[in-house]
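Read off the chains here:
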Amino acid sequence: MAAAPNLPEHVPRGRIPPPAQWTLILLLFIAAAVAATWPLASDLGAGLPLGSERVATVPLFNLWTLAWNVESVGHGYANYWQAPIFHPTADAFALSEPQPVLGLLAAALSAAGLSTVQVYNLLLIAALTGNGLLMTLLLRRIGLGWAAAVAGGGLGLMLPFTHQELGVLQLVPLVGVLLFALAVLRFSESPGVAAGSALGGALALAYGLSSQVAAFAALAFTPVALWLWWPLRRRRGAWIGLAAGVALFFALVSPLVIAQVRATSAEDFVRAEETVRKHSARPGHYVKTAWPQLIPTPGVEPAKRPSSRAFWPGTVRVLLAVLAAVAAWRSRRWRRIGVAGLLLLTASVLLSFGGHLAWGSVTLPKVLGLLPGLGQIRSFFRFALFAQLAVVALAAGGLHAVATAVGERVQPTPRPRQIFGQLPVLALCLVAVLELRAGGVEITELPPLDGDLPWLSWIEENTEPRDVLAFLPFPEGRSAGDYLTTSQWMYWQQRHWRPMVNGYSGFFPRPFKTIKKSMEDFPSAPTLQALYDVGVRYCVVPRSVINESPPPDPNGPIQLEPAFRDEEHELAIFALRKATETR
């Protein structure tokens, strides 16, 4: 039978070719990501989304992280780890998530003339879009139909945990994790060097996006891998392929791992047990939602604040996941992958309990601390991310089971009735995707980086690249809110990149802690001496700090010499000089 005009013979009549299908899905997910983060796309340069963050400290810090990556790419990564914060601490950039993969993308977008804020927001929307696409690809690879797979992609894009953490940029992109899941599945079916290399490359990509998320993924997927790979345990090729994957992973991430281990070892960072317990989940967190559900459920209540730990993924999704688990257990074809999903869910929930899991004096953090790089884990509750991923993947399986059952019933009927009969399945897909979502995205506005600020222009024009600055006031507490002013100073640092003794990151080095404590008496003689001893040459001081502080000792060994005053913005810049130099 001849093919229809202008159609290749291998494309069935009335069927959309695969490239066009994926293009339509891409456009759908872009629209969904824009809608889920609205009004962010209406003005990409206006500010940063907070997610459930109460203050903009973390979003501003991640913006600075992207900016430092862009700056480093422009200089061939020279002194990449010597970020200009926490002077004189070495490897300061290794004390937090470096995010080099996002940094490379940010550099490419910045080269196109976009501002750092616009780049940040575009990457955020792209990350959500990528989550939907990769989840769809994973579900199609498992064998789900298009409707269930696309709905599952929507579930991945709208993952509650991700939208709670929308203000923590490195927790949003799950492309590396989902590629890793695909690689785990591929290795179980065709083990070898190619599959092993894909496994190592995917985990390395995840590490480049977020080292913490990648480490968590490796732990959460370990039971899944053991289950899927157990039949391969006697195959020599499988072990060779796995070794190739491990070797490739460490070859790709070794520059990051070496710097991170060096930095944390130098500071001898150890998480206190109470701190770990505080940042671990409890069973009650899994029966709370971050936002009200579309369908209220007895026993499941919204948290008082979206920032609270609330990990219930949605009642409809849970019911669909249960349906998928039952259907998979009763089917030889689906049982293996269904058990894999349940293992990921169980392992992730247990790991999220972190500091609460103990056998006598042996706790989970102590056991993980025996492995290099895992002794500094604090936020165990973030394993809930993988628990929710498992639920939505299983929920997509439930949608597939429903769609298959409905399709078998309407198949003998005429085409219009078939389409009409599938409408309830479409409605169920929409309810599952939209049942739990934030009511809107709060955006913290930012002034343009190139704005006319006399004090900032003075720093650019009158200081040397190696001149060290101290920005007042220093934070008194340890919460993210206490460091909001510090993160704002770091935002403006993009204009000059002068080293500063202040900073914000995942870890705080000892020299900074020492300086911070001494700054309680600013501008006493010991405080000025401490600043001078670590190389500070200029202090940027708001008028409020000047008004609330006693005058400096005129006979002290180190003097504050007025250098510039910005009356409009109520800031003064002082040079630190030895008393002999000021006379």
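As a reminder, the structure under discussion sits directly above these lines.
Note that the coordinates shown come from a computational prediction; the quantities given were computed from them, not determined experimentally.

## Observations regarding empty space enclosed by the protein
Here is step 1: Scanning the entire structure with this criterion turns up one cavity of 30 Å³ or more.
Here is step 2: In this structure, the largest cavity spans a volume of roughly 30 Å³.
Here is step 3: Around the largest cavity, the lining residues are Phe161, Leu171, Gln212, Val213, Phe216, Arg382, Leu385 and Phe386.
Here is step 4: Going through the elements one at a time, α9 (211-220) and α16 (384-410) are the ones with two or more residues in the lining of the largest cavity.
Here is step 5: A per-element tally of the lining of the largest cavity places α9 first, with three residues.
Here is step 6: Of the residues contributing to the lining of the largest cavity, the split by class is six nonpolar, one polar and one charged.

## Examining the pattern of salt bridges
Pairs can form between side chains of opposite charge once their charged atoms are near each other.
Here is step 1: Scanning the model with the defined rule gives seven salt bridges in all.
Here is step 2: Glu189 is the salt-bridge partner of Arg141, the closest N and O atoms lying 2.3 Å from each other. With Arg141 in helix α4 (residues 116-142) and Glu189 in helix α7 (residues 175-189), this residue pair connects regions lying 48 residues apart in the sequence.
Here is step 3: In this structure Arg141 comes out as partly exposed when scored by relative accessible area, which is 38%.

## Side note on a negative patch on the surface
Here is step 1: A grouping of Glu476, Asp482, Glu520 and Asp521 is seen on the molecular surface, where their side chains present a negatively charged patch.
Here is step 2: For Glu520, the location among the structural elements is in the loop between α21 (510-518) and α22 (525-533).
Here is step 3: Given a relative accessible area of 65%, Glu520 falls into the exposed group.

## Considering unusual backbone geometry
Here is step 1: Pro39 follows Trp38 through a cis peptide bond whose omega is 15 degrees.
Here is step 2: Assignment of secondary structure puts Pro39 in the loop between α1 (18-36) and β1 (47-49).
Here is step 3: Note that the residue after His87, namely Pro88, is joined by a cis bond; omega there is 10 degrees.
Here is step 4: Looking at the element boundaries, Pro88 is found in the loop between α2 (57-74) and α3 (100-111).
Here is step 5: Even without being glycine, Asn79 reaches a positive phi, approximately 55 degrees.
Here is step 6: Take Asn79: it is sitting in the loop between α2 and α3.
Here is step 7: Look at Asn79 and you get exposed, because its relative accessible area is 57%.
Here is step 8: Non-glycine residue Phe86 carries a positive phi angle of around 60 degrees.
Here is step 9: Counting through the fold element by element, Phe86 comes out in the loop between α2 and α3.

Cut-offs and rules
Residues numbered from 1 in each chain as written. Predicted model: local features only at pLDDT ≥ 70, side-chain atom pairs only at ≥ 80, totals over all residues. Heavy atoms only, no water. 1 Å grid on protein atoms, 1.4 Å probe; cavity = no way out; pocket = protein on both sides within 12 Å on 5 of 7 lines; lining within 4 Å. Points joined across faces, edges and corners; volume = space filled by probe spheres on them. Helix = DSSP H or I, 4+ residues; strand = E, 2+ residues; numbered from the N terminus. Nonpolar A, V, L, I, M, F, W, Y, C, P; charged D, E, K, R; others polar. Salt bridge = Lys/Arg side-chain N within 4 Å of Asp/Glu carboxyl O. Buried < 20%, exposed > 50% of the residue type's maximum accessible area, 1.4 Å probe, protein only. Patch = residues over 30% accessible without salt bridge, like charges linked within 9 Å, V, L, I, M, F, W, Y side chains within 5 Å. Areas by Shrake-Rupley, 256 points an atom, 1.4 Å probe, with all protein chains shown as cover. Lys, Arg positive; Asp, Glu negative; His and termini not counted. Charge placed at Lys NZ, Arg CZ, Asp CG, Glu CD.

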